Amino acid sequence: MTGVVLDVRGLRVEAAGGVEIVDEVSFAVHRGEVFGLVGESGSGKTSTALALLGHARRGTRITAGTVEVDGRDVLMLPSRVLRHTRGARIAYVPQDATAGLNPRHRIGQQIEEVLGAHGKPRSAVAPLLAQVHLPNDAAFLRRYPFELSGGQQQRVAIAMALSCHPLIVVLDEPTTGLDASTQARILTLLRDLGADTGAAFVYVSHDLAVVNNLAHRVGVMYAGRLVEVGGREGVFGNPGHPYTSLLLASVPRLSEPRALTGISGAAPPPGHRPRGCAFAPRCPAAVARCAEQIPLGVTKGDQTARCWRAWEFTSSGAAARGTPRAAAASEALLTASGMSASYRQPGRRTQVLWDVSFSVGAGGCLAIVGESGSGKTTLGRCVAGLHRPDGGVLTLAGRPLAPHVTNRTSSERREIQIVFQDPDRSLNPRRPISEAIGRPLRFFEFAQDRVAERQQVLQLLERVRLPAGMLDRYPRELSGGEKQRVAIARALAARPSLLVCDEITSSLDVSIQAAIVAVLEELRRDGLALLFVTHNVALVRGIAEVVLVLERGTVREYGETATVLGRPSHPYTQQLIAAIPDLRLGAGADGAGSVRTSSTPGRS
Amino acid sequence: MSSFVSIVRDSEVPRSRPAALVLLRDVISTRGGRVGAVLVGVVLALAFLGPLVAPFSPTALVDSPFSTPTRAHLLGTDMLGRDGLSRFLWGGRTLVLTAFAATMMAYLVGIPLGAFAGVRGGVLDIGAVAFSDIMLAIPSLVFVLVLIAAVGPSLSMVAIGIAAVELPRVIRIFRAITVEVAALEFVEVARARGETTASVVFREILPNLWTPLMADFGFRLTASIVLVSSLSYLGLGQAPPAADWGLMISENQIGLTIQPWIIVVPAVTIAILTFGVNLLTDAFARRIGRSSATPRG
């Protein structure tokens with residue numbers, strides 16, 4: 001670690017009307033260092049990342065602070081010089097690689113253009129691609145972006161960012177949206193590149209485990225402020241800020257199944273942030289003066305936390321515990337045997353499931369895991385009767401179940417309920433919450449009159465831990481996590497015996513995810529069986545006692561969670577598990593090869 | 001153990017006003033929306049309050065034909081010597097009401113039909129689309145002219161004819177929006193519960209058609225206004241001696257060079273009305289487009 005290459009002081013980004021998006025952000029990045037900037041959605045991490053390049057999104061302005069790159073403040077540079085500085089000294093890799101690549105230009109052409117703009121020879125293209133482990137033959141250079149996989153596109157974007165040997169590369173969620181194994185390969189690449197090129201990386205991510213595996217130093221953002229900054233071991237091992245501790249306790253860990261705690265409430269959006277510490281309303285350790293002002297920082301070693309009670313609070317919720325107990329291996333509630341399914345388009349038929357069999361015990365939980373395209377969502381939809389399978393038999397409590405909902409009896413339809421990934425699509429935006437939850441109560445004749453209905457809706461809100469005040473709200477007035485709880489309450493209104501959960505926490509922040517999982521656990525204690533469809537293998541560990549691993553529509557492994565995830569026997573499962581970055585300490589940036597993956601260069 | 005499970009306190013839940021009010025306020029706050037609202041408001045006030053303040057009866061002969069404006073007759077007189085201002089103040093109500101009634105009829109039939117076609121698919125859908133395509137191939141004015149020639153001219157026939165002309169457009173637009181909404185998962189949830197098609201349409205789909213309806217309304221109303229005035233200009237709307245802006249233009253056109261006011265004022269008023277409605281509609285459409293494209297995160 002020699003010399004500071006990036007020094008940010010007192011950065012403030014405002015939206016129209018002086019609403020703060022980011023404020024009082026200060027941190028430094030040293031040569032060759034990976035700095036992880038973590039935060040949940042809306043915390044201002046992307047606005048901060050863009051400000052490092054002297055850029056503000058449309059409708060926002062950088063109104064205070066300095067961003068010194070190698071000693072020069074990029075916010076003060078004239079636009080002509082700034083243009084040159086971007087790319088040459090500080091480069092940016094966007095989250096969505098497809099957005100950064102022109103779909104009508106060949107890969108080679110695009111990289112040459114970047115090189116040309118900075119006066120570099122074209123011959124530099126080949127070594128650049130070799131650096132990111134991509135083929136550099138003429139055939140590859142003649143490809144268009146759409147002919148590349150997501151991982152390859154991201155490699156091209158990284159190659160373009162590295163083309164002028166910048167001092168700093170800012171990466172904004174570069175692996176979000178990629179499969180775990182692709183992500184693992186990109187992370188390995190980034191770590192190697194950091195060592196080889198000497199460039200410093202600013203890695204923006206919501207994924208704490210990824211940052212733990214990559215960064216030397218970490219900054220934690222909450223509601224537009226940097227609440228904690230320091231070395232990785234310190235921040236993740238002995239967090240000073242209560243938010244950091246609670247956030248860490250929310251992350252599911254593959255290595256140690258345990259109860260996730262979650263954080264109550266939701267982060268205040270810009271314009272609604274309280275005076276003083278924005279986390280205080282959600283903070284279990286908050287004291288009176290937290291609402292007044294925030295300390296500039298309490299320092300311990302190389303770690304600084306902006307909290308009056310820094311290091312006084314430790315999350316107690318992370319009690320270790322065993323894998324969820326297997327439901328008394330009683331009668332099976334739902335069985336599926338030999339399920340196969342496909343999608344038909346005019347002139348084409350794509351098979352997505354081959355001969356899938358499983359069973360879910362009454363009150364049990366089966367997790368279906370797989371990467372995107374594995375057919376896991378289709379399987380959930382077949383169970384719910386929303387997709388007509390080509391073959392196979394479903395039974396519910398011993399009786400055969402019609403393949404499509406339209407042919408099922410009313411009680412069969414009631415007994416299996418489904419919750420979808422995106423509550424914005426699964427709740428009618430024009431219906432109040434009372435109506436969303438009340439309708440199934442009336443439909444299935446659980447509520448005879450309006451009074452009884454309202455009473456039951458309130459009970460259901462209580463079961464998913466939502467306040468009664470939500471009753472007359474509309475979905476748009478709720479946060480993502482709250483909407484998802486409403487969707488769960490609506491499913492519960494039908495008094496199901498099986499709940500199909502299709503990636504229900506995937507669009508939520510980890511702290512919200514943990515709270516939803518806690519709700520599901522309570523429901524299970526009441527005897528509800530779950531079919532939990534997810535790509536998040538680490539999450540499965542704490543929820544399901546049985547897991548089914550799908551790869552391209554075929555069952556690779558099926559058995560008790562502890563066995564399958566602890567001692568995977570199939571190579572695919574092994575690979576899947578190896579690709580998951582873990583939050584365990586010691587599996588860090590300095591320990592070589594901690595992203596345990598068989599890195600196969602080229603294809604990712 | 002789940003001690004931190006979220007219980008959001010009531011006061012923390014952001015409250016917002018009903019969507020329609022917010023939308024209206026936002027539309028009025030844009031310059032185009034404000035100008036449009038003022039123009040439409042002035043013309044509607046003229047049309048509906050005019051008869052109350054008209055100085056003369058619209059059919060009384062008060063001066064010699066085609067007299068130029070005087071202090072007593074601000075817009076002069078028409079080809080029979082009736083007071084121009086009074087006829088102008090009386091002449092807007094039927095035009096606006098007919099256009100409005102025609103538009104409403106088209107919506108009342110077209111939206112449910114389009115929504116059912118979109119949700120149900122199959123024969124109903126194919127039929128609705130085919131009907132729309134055939135109707136769209138016939139020029140609007142010709143269709144209404146033939147209809148009125150066959151049934152005989154009357155105000156209600158004009159409204160029905162115009163509604164029939166608007167219907168296929170309404171069906172196509174709202175069918176397309178329905179197909180989009182029906183792909184959303186809350187519709188799937190309702191179907192999985194076993195709700196009937198009618199219940200899906202009325203409970204899940206129709207409430208979501210409000211916003212597009214507000215954006216579409218202006219276009220439909222403008223088209224109807226133009227058609228009603230064209231028809232009354234052609235003598236197929238209100239029968240003389242009733243006062244009507246379209247009729248005023250046609251019956252006085254021989255005097256255009258001597259007494260242009262009696263023609264220019266109603267013509268310009270119709271233009272102002274359609275212009276104002278269009279401005280307002282644009283403001284709605286832009287606002288709706290913006291709210292759906294609001295960046296997240």
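Residues numbered from 1 in each chain as written. Chains lettered and ligands numbered in written order. Predicted model: local features only at pLDDT ≥ 70, side-chain atom pairs only at ≥ 80, totals over all residues.

Colleague: Help me understand the overall build of chain B, please; the structure alone is not making it clear to me.
Modeller: Helix and strand counts for chain B come out as 12 helices and 0 strands. The order of α-helices and β-strands along chain B, N terminus first, is α-α-α-α-α-α-α-α-α-α-α-α. Of all 297 residues assigned to chain B, the portion counted as buried reaches 43%. A separation threshold of at least 6 residues defines the contact pool for chain B, and within that pool the share at least 24 residues apart is 69%. (Helix = DSSP H or I, 4+ residues; strand = E, 2+ residues; numbered from the N terminus. Buried ≥ 20, exposed ≤ 12 C-beta atoms within 10 Å, placed from the backbone. Contact = placed C-beta atoms within 7 Å.)

Colleague: How do you make sense of helix 21 (residues 571–578) of chain A when you look at a structure like this?
Modeller: Along an α-helix, residues three or four apart share an orientation, since each turn contains 3.6 residues. All names here are of chain A. Taken together, the buried positions of helix 21 are Thr-573, Leu-576 and Ile-577. The buried residues of helix 21 occupy one face: seen down the axis, they fall within an arc of 95°. Against the buried residues of helix 21 lie helix 8 (180–197), helix 19 (537–543), strand 21 (546–551), strand 22 (554–560) and helix 20 (561–566). (Arc of directions from axis to C-beta.)

Colleague: Mind showing me how you'd approach the pairing of strand 4 (residues 60–69) of chain A here?
Modeller: A regular strand places its side chains so that they alternate between the two faces of the sheet. All names here are of chain A. Pairing between strand 1 (residues 4–15) and strand 4: 8 bridges, direction antiparallel. Note that in strand 4 the partner of Arg-9 across the bridge is Thr-66. Relative to strand 5 (residues 72–73), strand 4 is paired through 2 bridges, and the arrangement is antiparallel. Following the sheet pairing, Val-69 is matched in strand 5 by Arg-72. Connecting strand 4 to the next strand, strand 5, in antiparallel fashion are 2 residues, including Asp-70 with a positive phi near 55°. (Pairing = 2+ DSSP bridges.)

Colleague: What exactly am I supposed to notice about unusual backbone geometry here?
Modeller: Apart from glycine, the bulk of residues carry a negative phi angle, and the bulk of peptide bonds sit in the trans form. Residue and element names in this part refer to chain A. Unlike most non-glycine residues, Ala-223 shows phi in positive territory, near 45°. With respect to the helices, strands and loops of the structure, Ala-223 is situated in the loop between strand 9 (217–222) and strand 10 (225–231). Even without glycine at this site, Arg-465 takes up a positive phi of about 60°. Summarising the element assignment, Arg-465 is placed in the loop between helix 16 (450–463) and helix 17 (480–493).

Colleague: For this particular structure, what's the right way to read the environment of Trp-311 of chain A?
Modeller: Residues and elements named next belong to chain A. Tracing the sequence through the fold places Trp-311 in the loop between strand 12 (303–305) and strand 13 (332–345). Residue classification places Trp-311 among the partly exposed residues on the basis of 16 C-beta atoms within 10 Å. As a C-alpha pair, Trp-311 and Arg-463 span 152 residues in sequence and 34 Å in three-dimensional space. Excluding residues within four positions of it along the chain, Trp-311 makes contact with Gly-240 and Lys-300.

Colleague: How should I be thinking about the packing of helix 7 (residues 155–182) of chain B against helix 10 (residues 210–233) of chain B in this particular structure?
Modeller: For any two helices packed against each other, the geometry comes down to the angle between their axes and how far apart the axes lie. Residues and elements named next belong to chain B. Orientation of helix 7 relative to helix 10, taken along the N-to-C sense of each, is 155°, at an axis distance of 10 Å. The orientation of helix 7 relative to helix 10 falls into the category roughly antiparallel. Our pair here, helix 7 against helix 10, has a crossing hand that is right-handed. Where helix 7 approaches helix 10, its residues Val-158, Ile-162, Val-165, Glu-166, Ile-173 and Ile-177 are matched on the opposing element by Pro-212, Asp-216, Arg-220, Ala-223, Ser-224, Leu-227, Val-228 and Leu-231. (Axes fitted to C-alpha atoms, helices over the stretch in contact; angles between N-to-C directions. Parallel < 35°, antiparallel > 145°, perpendicular 65-115°, else oblique. Left-handed = near helix turned anticlockwise from the far one by under 90°.)

Colleague: Looking at this model, I keep getting lost on the domain arrangement of chain A. Mind explaining?
Modeller: By a frequent convention, interface size equals the accessible area lost on bringing the separate parts together. One can read the domain layout of chain A as domain 1 (4–89 + 166–305), domain 2 (99–162) and domain 3 (332–569). If you average the C-alpha positions of domain 2 of chain A and of domain 3 of chain A, the two centres end up 42 Å apart. (Domains from an automatic or database assignment.)

Colleague: So what exactly am I meant to see when it comes to the sheet that holds strand 4 of chain A here?
Modeller: One open sheet accounts for 4 strands, arranged 2-1-4-5 (chain A); its pairing is antiparallel. Two strands close off the open sheet at either side, each with one partner strand: strand 2 (19–30) and strand 5 of chain A.

Colleague: Can you walk me through the pairing of strand 13 of chain A in this structure?
Modeller: Residue and element names in this part refer to chain A. Here strand 13 runs beside strand 14 (residues 348–361); their pairing, made up of 10 bridges, is antiparallel. Looking at strand 14, one finds that Gln-345 is bridged to Arg-348. What sits between strand 13 and strand 14 in their antiparallel hairpin is a turn of 2 residues, with Gly-347 showing a positive phi close to 80°. Bridge count for strand 13 against strand 16 (residues 391–396) is 5 bridges, and the pairing is antiparallel. From the neighbouring strand, Ala-336 faces strand 16, where its bridge partner is Leu-394.

Colleague: Please explain the sheet that holds strand 19 (residues 498–502) of chain A as it appears in this structure.
Modeller: Strand pairing in a sheet relies on backbone hydrogen bonds. The paired strands run either parallel or antiparallel. All names here are of chain A. If you walk across this open sheet you meet the 6 strands as 18-19-20-15-21-22, and the pairing is mixed. Every interior strand has two partners, whereas the edge strands, strand 18 (416–419) and strand 22, have only one. Neighbour to neighbour, the strand axes of the sheet diverge by 15° on average, direction disregarded. Of the pairings in the sheet, the one linking strand 19 to strand 20 (residues 529–534) comprises 5 bridges and is parallel in character. Bridge pairing in strand 20 places Val-500 opposite Leu-531.

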